[in-house]
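Residue-level listing of the chains:
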Amino acid sequence: MLKKLLLATVLLVGLLNAKEIVWYKNFQQAQAVATSQNKPLLVLMTTQECGWCKKLKKETLPHPLISQKIGDRFIAVELDRDESTYPNQFRTRGVPTTFFADKTGKLLTRPAIGFFDVETYDSYLNDALKGIH
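Residues numbered from 1 in each chain as written. Predicted model: local features only at pLDDT ≥ 70, side-chain atom pairs only at ≥ 80, totals over all residues. Heavy atoms only, no water.

I would appreciate a short explanation of the overall build of the protein in the present structure.
What the protein contains, in helices and strands, is five helices and five strands. Each helix and strand of the protein, ordered N terminal to C terminal, gives the series α-β-α-β-α-α-β-β-β-α. Of all 133 residues assigned to the protein, the portion counted as buried reaches 41%. Sequence-distant contacts in the protein: of pairs separated by 6 or more residues, those separated by 24 or more amount to 71%. (Helix = DSSP H or I, 4+ residues; strand = E, 2+ residues; numbered from the N terminus. Buried < 20%, exposed > 50% of the residue type's maximum accessible area, 1.4 Å probe, protein only. Contact = heavy atoms within 4.5 Å.)

See below:
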């Protein structure tokens, strides 16, 4: 019983302290902020009708572990594959696709294509952070 109470308390504190991700909708603006803050970019490519994109944004991205790491360590930009303006290195056929790039736009790792659970998405974040020079 004590273990369950402790776990519930830890989860509640995590939820209360979770950082909300600030999402930019313009690549150039996000890149300018990334440059000024010396942070890498997380570029989430979606489309309006993509069910897997909605699932990622509803289930994985709001998780305290993910939102805290993205909010603290990345400049996040969500772009519509079909409507947004963005550099060629972020072109993709599949959505959702998450790109990890340094502040200049150079890719740090291969993109993460598709929906991922919290643990898997966190491993992509960690790999991208290892790629920063």
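Next comes the rest of the write-up.
Explain the pairing of strand β4 (residues 97-101) here, please?
The two faces of a sheet get side chains in turn, since along a regular strand they alternate between them. β4 sits mainly inside the fold: five of its five residues count as buried. Burial of the side chains of β4 extends over both faces: Thr-97, Phe-99 and Ala-101 are buried on one face and Thr-98 and Phe-100 on the other. In terms of strand pairing, strand β2 (residues 41-46) meets β4 through five bridges, oriented antiparallel. Across the sheet, the residue bridging to Leu-42 is Phe-100, located in β4. Summarising the sheet, β4 and strand β5 (residues 112-113) pair through two bridges and their orientation is antiparallel. Note on β5: the bridge partner recorded for Thr-97 is Ile-113. (Pairing = 2+ DSSP bridges.)

When you look at the state of the cysteines in this model, what are you seeing that I'm missing?
Simply put, disulfide is the name for a covalent bond between the sulfur atoms of two cysteines. Enumeration according to the criterion identifies one disulfide in this entry. Across a sulfur-sulfur distance of 2.4 Å, Cys-50 and Cys-53 are joined as a disulfide pair. Judged by the sign of its S-S torsion, about 85°, the bond between Cys-50 and Cys-53 is right-handed. Of the two residues examined, Cys-50 and Cys-53, each falls in the buried class. (Disulfide = S-S within 2.5 Å.)

What am I meant to see in the packing of aromatic side chains here?
We describe a pair of aromatic rings using the distance from one ring centre to the other and the angle between the two ring planes. Within this structure, the stated rule accounts for five aromatic pairs. Both rings, one in Phe-74 and one in Phe-100, keep their centres 6.0 Å apart while their planes meet at 55°; by these two values the pair is tilted. In this pair, Phe-74 is assigned in the loop between α4 (64-73) and β3 (75-80) and Phe-100 in strand β4, connecting sequence segments 26 residues apart. An identical accessibility class is assigned to Phe-74 and Phe-100; each is buried. With centroids separated by 4.9 Å and ring planes inclined at 55°, the aromatic side chains of Phe-116 and Tyr-124 adopt a geometry described as tilted. Residue classification places Phe-116 among the buried positions, given a relative accessible area of 14%. In textbook terms, an aromatic cluster arises when at least three aromatic residues are bridged by ring pairs, as seen for Phe-27, Phe-90 and Phe-99. The positively charged end of Lys-55 is found above the aromatic ring belonging to Phe-115, 5.1 Å away from the centroid. (Phe/Tyr/Trp six-rings, centres within 6.5 Å; stacked < 30°, edge-to-face > 60°. Lys NZ or Arg CZ within 6 Å of the ring centre and 35° of its normal.)

Would you mind going over the environment of Pro-87 with me for this structure?
Along the polypeptide, Pro-87 turns up in the loop between β3 and β4. The class for Pro-87 is partly exposed, based on a relative accessible area of 24%.

Just checking my understanding: could you explain the environment of Gln-37 for this structure?
Topologically, Gln-37 is positioned in helix α2 (residues 27-37). The spatial distance from the C-alpha of Gln-37 to the C-alpha of Arg-73 is 9.9 Å, given a sequence separation of 36 residues.

Help me out: how do you make sense of the sheet that holds β4 in this one?
Note on sheets: strands pair through backbone hydrogen bonds, and any given pair is parallel or antiparallel. With mixed pairing, five strands are arranged side by side in an open sheet as β1-β3-β2-β4-β5. Of all the strands in the sheet, just β1 (23-24) and β5 have a single pairing partner and so form its edges.

From the geometry alone we can't say anything about function, so treat these as descriptive.
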